[in-house]
Amino acid sequence: MRSGYRVAGKWVGLGVLVLLVIAALYVGFLAFPSPLFAHKGSFDEFTVYSNVSLDDAFDPIMEEARVRIAAMDDARPGERYRIYLCESGRLYPLFAALTRRTANSLAIGVSALGTIYVNEAKVQSMAQQHAGRIPHSRFEGNLAEVVAHEVAHFNVVERLGYRAALRMPVWKSEGYAEYQANRATTRADSSYDFVSRIDLLRNGPYWGDASVARRLFEWHLLVEFLADVKGYDLEQLVDPAVTEPDARSEMIAWYEAQS
């Protein structure tokens, strides 16, 4: 009988060991997929991997990302990030599957690893689709903005903790990341007009069937309204009493009062 227990114990131990090895390989692959990329570039706190050569033209992109990140409420000077630019149509879906995210997204950030996987084809498609009509947003198809957006998510995790960040409703999580990623550029743009942004949001023909895109844009505006008009900080924003319908009603009432 005891020998049977010993055999069972060995199998259980072996099973646990196999699971630990699989987990280690999983984390190791997500953290260091560099063998899949032919080129590597170092840009101060950013280490960038790509299958396309990273020439000097890439410096201004990373500098813009740096400016955007430095202007965030919870900027963390000295923090380092690894960025994997996925030009291949198969690479990004692989990372999306491993992290249980959609393969149609612009980027995936893993805060625990300080790692960002970028869907370059989607970024380029976004730029072509909107042709610069929505600057300071996800829709400009700007790599620096995409990187800053993911770093903003990392900052939320650092400030609130992983569980609290995970509990944020998607409109707050995505809207806050967009607001933070674009705060530096909107404040530097003397022609920026928040009322005009709401005009665009309410322009049904512009959005057509792109209801998902319109919602993403609205989430950005709702958080911008709560932060810049009402003066909310992150802790006030995440309060469950702050709901999407209420924020929308208040923003529209404020908008109508401006005319």
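Please read all numbers here as calculations on a predicted model, not as lab measurements. (Residues numbered from 1 in each chain as written. Predicted model: local features only at pLDDT ≥ 70, side-chain atom pairs only at ≥ 80, totals over all residues. Heavy atoms only, no water.)

A.B. asks: Even after reading the chapter, I still don't get the packing of aromatic side chains, so can you show me in this structure?
C.D. replies: In this description, a pair of aromatic rings is defined by centroid distance and the angle of the planes. In this structure the tally under the stated criterion is 13 aromatic pairs. For the ring pair Trp-207 and Phe-217, a centre distance of 5.4 Å and an interplane angle of 35° mean the geometry is tilted. Separated by ten residues along the polypeptide, Trp-207 in helix α9 (residues 204-207) and Phe-217 in helix α10 (residues 211-229) bring together distant segments of the chain. In terms of burial, Trp-207 and Phe-217 fall into one category: buried. Aromatic side chains Phe-225 and Trp-254 sit 6.0 Å apart centroid to centroid with 55° between the ring planes, which places their arrangement in the tilted category. (Phe/Tyr/Trp six-rings, centres within 6.5 Å; stacked < 30°, edge-to-face > 60°. Helix = DSSP H or I, 4+ residues; strand = E, 2+ residues; numbered from the N terminus. Buried < 20%, exposed > 50% of the residue type's maximum accessible area, 1.4 Å probe, protein only.)

A.B. asks: What's the story with the packing of helix α5 (residues 143-160) against helix α7 (residues 170-188) in this structure? I'm lost.
C.D. replies: Relative placement of two packed helices is described by the angle separating their axes and the distance separating the axes. Direction vectors running N to C along α5 and α7 enclose 120°, while the axes themselves pass 8 Å from each other. Between α5 and α7, the angle falls in the class oblique. α7 is crossed by α5, and the crossing has right-handed handedness. Taken together, the residues of α7 that come into contact with α5 (itself represented by Glu-145, Ala-148, His-149, Ala-152, His-153, Val-156 and Arg-159) are Ser-173, Glu-174, Tyr-176, Ala-177, Glu-178, Gln-180, Ala-181 and Asn-182. For the contact of α5 with α7, the class distribution of residues is six nonpolar, five polar and four charged. (Axes fitted to C-alpha atoms, helices over the stretch in contact; angles between N-to-C directions. Parallel < 35°, antiparallel > 145°, perpendicular 65-115°, else oblique. Left-handed = near helix turned anticlockwise from the far one by under 90°. Contact = heavy atoms within 4.5 Å. Nonpolar A, V, L, I, M, F, W, Y, C, P; charged D, E, K, R; others polar.)

A.B. asks: Sorry, what's going on with the pairing of strand β2 (residues 46-50) here?
C.D. replies: Within a regular strand, the side chains alternate between the two sheet faces. Among the five residues of β2, five are classified as buried, and the element is accordingly described as predominantly covered. Burial along β2 is two-sided: Phe-46, Val-48 and Ser-50 and Thr-47 and Tyr-49, pointing in opposite directions, are all buried. Summarising the sheet, strand β1 (residues 39-43) and β2 pair through five bridges and their orientation is antiparallel. Counterpart to Phe-43 in the pairing with β2 is Phe-46. Connecting β1 to the antiparallel partner β2 that follows it, the hairpin turn spans two residues, and Asp-44 within it adopts a positive phi of roughly 55°. (Pairing = 2+ DSSP bridges.)

A.B. asks: Looking at this model, I keep getting lost on the layout of surface pockets. Mind explaining?
C.D. replies: Rolled over the atoms, a probe sized like a water molecule indicates the empty space that remains. In this structure, the largest pocket encloses a volume near 1,200 Å³. Along the walls of the largest pocket sit 38 residues, with Arg-101, Ala-107, Glu-150, His-153 and Glu-174 positioned nearest its centre. For the lining of the largest pocket, the elements supplying multiple residues, two or more each, are β4 (107-110), α4 (120-130), α5, α6 (162-167), α7 and α10. Looking at the lining of the largest pocket element by element, the count peaks at six residues for α5. (1 Å grid on protein atoms, 1.4 Å probe; cavity = no way out; pocket = protein on both sides within 12 Å on 5 of 7 lines; lining within 4 Å. Points joined across faces, edges and corners; volume = space filled by probe spheres on them.)

A.B. asks: Please explain unusual backbone geometry as it appears in this structure.
C.D. replies: Note: most residues except glycine have negative phi, and most peptide bonds are trans. Although it is not a glycine, Arg-100 sits at a positive phi angle of roughly 60°. For His-136, which is not glycine, the phi torsion reads 55° and is therefore positive. For His-136, the location among the structural elements is in the loop between α4 and α5. Its relative accessible area of 10% is what places His-136 among the buried residues.

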